[in-house]
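Structural overview
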Amino acid sequence: MELVLAIGIGIMTGSGVWLILRPRTYQVIIGLSLLSYAVNLFIFGVGGVKSNAAPLLGEGVDVSTLTDPVPQALVLTAIVIGFATTALFLVVLLAARGLTGTDHVDGREQPK
Amino acid sequence: MILVLLVCLPFVGSLAAVVLLRTDSRVLAARMAGAVTFVALVLTAVLYPSVRDGGKVRLDLEWLPQLGLNVTLRMDGFAWLFAMLVTGIGFLVVLYARYYMSEEDPVPRFFSFLLAFMGSMLGIVLSGNIILLSVFWELTSIFSFLLISYWHNNAAARDGARMALTITGIGGFCLLAGLLVLGHIVGSYDLDVVLASGDLIKAHPLYLTALVLILIGALTKSAQVPFHFWLPNAMAAPTPVSAYLHSATMVKAGVFLLVRFWPALSGTYEWFMLVGIAGISTLILGAYFAMFQQDLKGLLAYSTISHLGLITTLLSLGSPLAAVAAIFHMMNHATFKASLFMAAGIIDHETGTRDMRRLSGLLKYLPITGTLAMVASAAMAGVPLLNGFISKEMFFAEAVETHADSVLDRILPYVATLAGAFSVAYSLRFIHMVFFGPPPTDLPKPKPHEPPHWMRFPIEFLVLACLVVGIIPSLSIGPFLHSAVISVLGDRTPEYSLAIWHGINTPLIMSLIALVGGAALYVVMKDYLAKCDNGPPLFRHLGGQRIFERVLVTVSWKWARWLESNLGTRHLQPQLRLVAAAGFLAGAVSLYLAGFSPKPLAFKDVDPIFAAVWAIGAFCALGAAYQAKYHRLAALVLLGGAGITTCITFVWLSAPDLAITQLVVEIVTTVLLLLGLRWLPKRSEKVDNSVSFSARSRRFRDFLLAISCGFGMFLFSYAIMTQPVPDAIASYFLDKAYSEGGGRNVVNVILVDFRGFDTMGEIAVLAIVALTVFALLRRFRPAPDSIEKPEQQRIQNAFDAERPERSAGDTVRDYLLVPSVIMQWMFPVIATFAVYLFLRGHDLPGGGFAAGITMAIAFLLQYLAGGVRWAEDRLRILPLRWMGFGLIMAAATGMGAWLLGYPFLTTHSQYIEVPFIGKVPAASALLFDLGVFSLVVGATVLILIALAHQSVRMHRVRGLDAPKAEEN
């Protein structure tokens, strides 16, 4: 379980890092989204990896068997804020393209 | 209590003057300022009985007692005398400025700054805590900057203000550091404690550090060599400012500080050498430079520097008698110098120039002002029967005494006499060149005349004070001076006499030599001085000012440019590369240093289905990375795949809340990016596939970096996840969620209850982002090649046009007709689902965030189904109202706790019996969550609709470009 998740995080991180180093704004935005998945999963994973132990309190549930709710609370807001920053970045890149006429991250094409 | 009032009143007056800024009248602001200063003066005066004979008034307000920082105000005899000086001269300056300032200037602003400065100065004087003192010290620098640059259209005023701020600001910084060291030595920041531990301080190894830092602060403020050059440049300020700040009060703050800390710091060899060298060189150089100034105010400025040097020299000697003389001379100098500045202001005001080469014979036109200026100049020169004479005699007497036997001490009598002669020469020059001689010929204002009586009154008053103190010193200033001296020197107060006549002794002979020598010097140099350039010979081109500017240009321009061009880049990619590499190295190095070794990989408990899901996820992530350049839609779909994998992982690993949120956010993100795709340029693999060698190597480097980061994250997260989870704060939340938060869904309880304040911050961020997006899109101009309708629409319209039975736009309208009807019907279903998610959130997976986005999706589907126009004809969403309601709701719920006497955002929970439904949990956190819900709906909808609207808006880029094209 841990192994699969760790490999997945690694692959998403690698893909994300590769993309944010690319010159086109769209590549960077996809890269940031992939990176945020990886980071969210990583933070979530810090709380321990358990199945069928959602932090919901019921009658007769042993509290100590439940998974750690703190990373989950952190990640939950991170997901929503991640959407907001993606939106902001998208609009900035659209506006930048409108102003500069290019979708290069520097606002102008690199001299060949 | 009076002390607080005394410090606060000027600041209150300053704010009130800002309100008056709208009125045109200079009189109203001046009257208000006059009233404030007069009240401050009276308040100070009535405190005298309590500070007489070593008494003290003290007030302690706790501020940060843990750090030893308190608002302590204290007034002793010395502080009282200084406060009288600040408020008294302040009042006279306000009166003078009432007539000096012209109608065109924004007069209320002037008085506002002036009052604020007065408050800061009183703060320095009355601070009983050395950190508080430093705060007020900085404030005086800032208000001095604002006052010097009052005529901000004038370049000289701006430069002078900047220079003054830079020098005194650096000094203030050093002072703060020095005071912190001092506080560290003593163990307290309380002034009384510091003053009482002089022996401890002087014996401490850090004494020299503290001394040097404090001295830099004091010497910069008091314009001592080598920091003196800012003061002449500050003369670009209006004359009342020069009279008040740059002769009477602010520049005295430095010597005030030296006197204040005199009991604690003085008397050592280091003190004598450092303070002495600065004081003596300032004394002589200031007087020498003053002789060669052609600007009236320049002459007075250098004379001020020289007199401040005299005070510093006296303080360096470390003898109690010298300290008495220093305090006395501070008062005397303030009286005659302020009156001279005001006289110079009147001359400038009446004639239009301050250049002594153009002024002459003004006594005929300005008989009263001229006479007053002559008396004040005589006081400056140290002529008997005036106050300047007495303190100068005391200085000469101290100069002759041997204090610390050294070269410095032995040359002091000669230097003092020479400086005295110089000051006689420049005083004489001031009077002779301005008031005597032939009538002036080329004045900018030809017919000068006496100013209004009340403008002259401050000078009359101060000159009268010079005379009274000069003739009957022990009856006039005597008792007040005595209180001041006792408060500084305590039981070391020496026997001293303020008499005018001490018999024929060495100081008197030195005075005579100075008077005669100075007069002779002026007679010899008169003709040269009448024509020479501004500034003394030899030094004319070697000013501290030039060095200062050189240094400033070198540091802030040349070095900064060099650093930027050699170390900086304006390209994003290298920056991100650095960030990624630094992140990788920071992780790798610290893990290596901590002795990290990778764990053996455990394959045995791998669930095959989970592995299969992640195989798809990994494929999607890699595919998105591969396709993002040329196949954006494909990359977006693959990104969605990676998102769904994440979502499934959350479900699998016991995080249902995250899964729900991830799922709905995934939907809106996809829609968002889809909306953006339309405005991006076409990019085709066939067209720009020329790959150079350097591009290839760059890619290879990035590829390696990406692989390293990915592999590092893999090892790191595997290591963390296979560690046993330590017993941290999780159990606390799990235990208390139900008993104190009243909810069974612990994640939701954390969000809306335990960490409610964080959540509030987060929704505020969301609101800010949404508004920013909205604002950016209001001025959105797409690139020219994206303005036309998209290719698909054009094909469809062409198809319509070809057929007679169809009209243009039909295909677009009919596109996906059946699904769109279903989507329209889905609205109530999804909205109900959102409410359901919201209501169950406290006990079961759901909550405000997920429900809010779901609700936003319900709205969004209507846009998708019918198009923007169709949706808006039928639905008015008003996202800004949703957002506003959400923020107010969340904040009001938090504040509701105040009413019941609990801290912000304390929640209350109980169950209510609702008919047919049963027990319903009703925590106040539900209301907070309602705020979150509403805000999330508003923000999401605002972002998406603003973006969707761009396709409908008429873009005027082409319209604007068309006339340009015609011109070409």
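Only a predicted model underlies this, so the values are computations on that prediction, with no experimental measurement involved.

1. Describing the overall build of chain B
A tally of regular secondary structure across chain B gives 40 helices and four strands. Within chain B, the fraction of its 968 residues that count as buried is 53%. Pairs at least 24 residues apart make up 77% of the contacts formed inside chain B by residues separated by at least 6 positions. Carbon and sulfur atoms form 68% of the exposed surface of chain B, whose accessible area is close to 43400 Å².

2. Examining a positive patch on the surface
Residue and element names in this part refer to chain B. Among the surface-exposed residues, Arg696, Arg698, Arg699 and Arg701 lie close enough to one another that they form a single positively charged patch. Tracing the sequence through the fold places Arg701 in helix H30 (residues 693–722). Looking at Arg701, the relative accessible area reads 44%, which means it is partly exposed.

3. Digging into helix H10 (residues 207–221) of chain B
Residue and element names in this part refer to chain B. Here H10 spans 21 Å end to end across 15 residues, near enough to the 21 Å set by a 1.5 Å rise per residue. Buried residues dominate H10, accounting for eleven of its 15 residues. Within H10 the residues assigned to the buried category are Tyr207, Ala210, Leu211, Leu213, Ile214, Leu215, Gly217, Ala218, Leu219, Thr220 and Lys221. Looking one or two residues past H10, Ala223 carries a phi angle of roughly 55 degrees, positive in sign.

4. Observations regarding the UniProt feature "transmembrane region" (unreviewed entry) in chain A
According to UniProt, the positions carrying the feature "transmembrane region" (unreviewed entry) are residues 6–21, 28–49 and 73–96 of chain A. The span residues 6–21 of chain A carries 94% helix and 0% strand; its end-to-end C-alpha distance comes to 23 Å.

5. Overview of the interface of chain A and chain B
Each side of the interface is counted separately: chain A has 83 residues, and chain B has 106 residues. For the pair chain A and chain B, the two sides together bury roughly 8500 Å², of which 77% comes from carbon and sulfur. Our count for the contact surface shared by chain A and chain B stands at two salt bridges. Between Asp103 of chain A and Arg632 of chain B there is a salt bridge, with its nearest N and O atoms 3.6 Å apart. Linking chain A with chain B are 15 residue pairs in polar contact (both at pLDDT 80 or more). Residue classes in the side of chain A that touches chain B are distributed as 52 nonpolar, 21 polar and ten charged.

6. Here we look at the side chain of Thr25 of chain A
Residue and element names in this part refer to chain A. Note on placement: Thr25 falls in helix H2 (residues 25–46). Judged by relative accessible area, which is 9%, Thr25 ranks as buried. In contact with Thr25, not counting residues within four places along its chain, are Phe89, Leu93, Asp103, His104 and Val105.

7. Some thoughts on unusual backbone geometry
The step from Val225 of chain B to Pro226 of chain B runs through a cis peptide bond, and the omega angle for that step is 5 degrees. You can see Pro226 of chain B is positioned in the loop between H10 and helix H11 (230–233). Of note in the backbone geometry, Asn52 of chain A takes a positive phi value of approximately 55 degrees without being a glycine. By the element assignment, Asn52 of chain A lies in the loop between H2 and helix H3 (69–100). Non-glycine residue Ser654 of chain B carries a positive phi angle of around 60 degrees. On the secondary structure map, Ser654 of chain B appears in the loop between helix H28 (632–652) and helix H29 (656–677).

Reading guide: rules and limits
Residues numbered from 1 in each chain as written. Chains lettered and ligands numbered in written order. Predicted model: local features only at pLDDT ≥ 70, side-chain atom pairs only at ≥ 80, totals over all residues. Heavy atoms only, no water. Helix = DSSP H or I, 4+ residues; strand = E, 2+ residues; numbered from the N terminus. Buried < 20%, exposed > 50% of the residue type's maximum accessible area, 1.4 Å probe, protein only. Contact = heavy atoms within 4.5 Å. Areas by Shrake-Rupley, 256 points an atom, 1.4 Å probe, with all protein chains shown as cover. Patch = residues over 30% accessible without salt bridge, like charges linked within 9 Å, V, L, I, M, F, W, Y side chains within 5 Å. Salt bridge = Lys/Arg side-chain N within 4 Å of Asp/Glu carboxyl O. Lys, Arg positive; Asp, Glu negative; His and termini not counted. Charge placed at Lys NZ, Arg CZ, Asp CG, Glu CD. Expected span 1.5 Å × (residues − 1). UniProt positions renumbered as here; feature names shortened; annotations may be inferred. Buried area = accessible area lost by both parts, 1.4 Å probe. Polar contact = N/O pair within 3.5 Å; in protein donor to acceptor, adjacent residues only side chain to side chain. Nonpolar A, V, L, I, M, F, W, Y, C, P; charged D, E, K, R; others polar.

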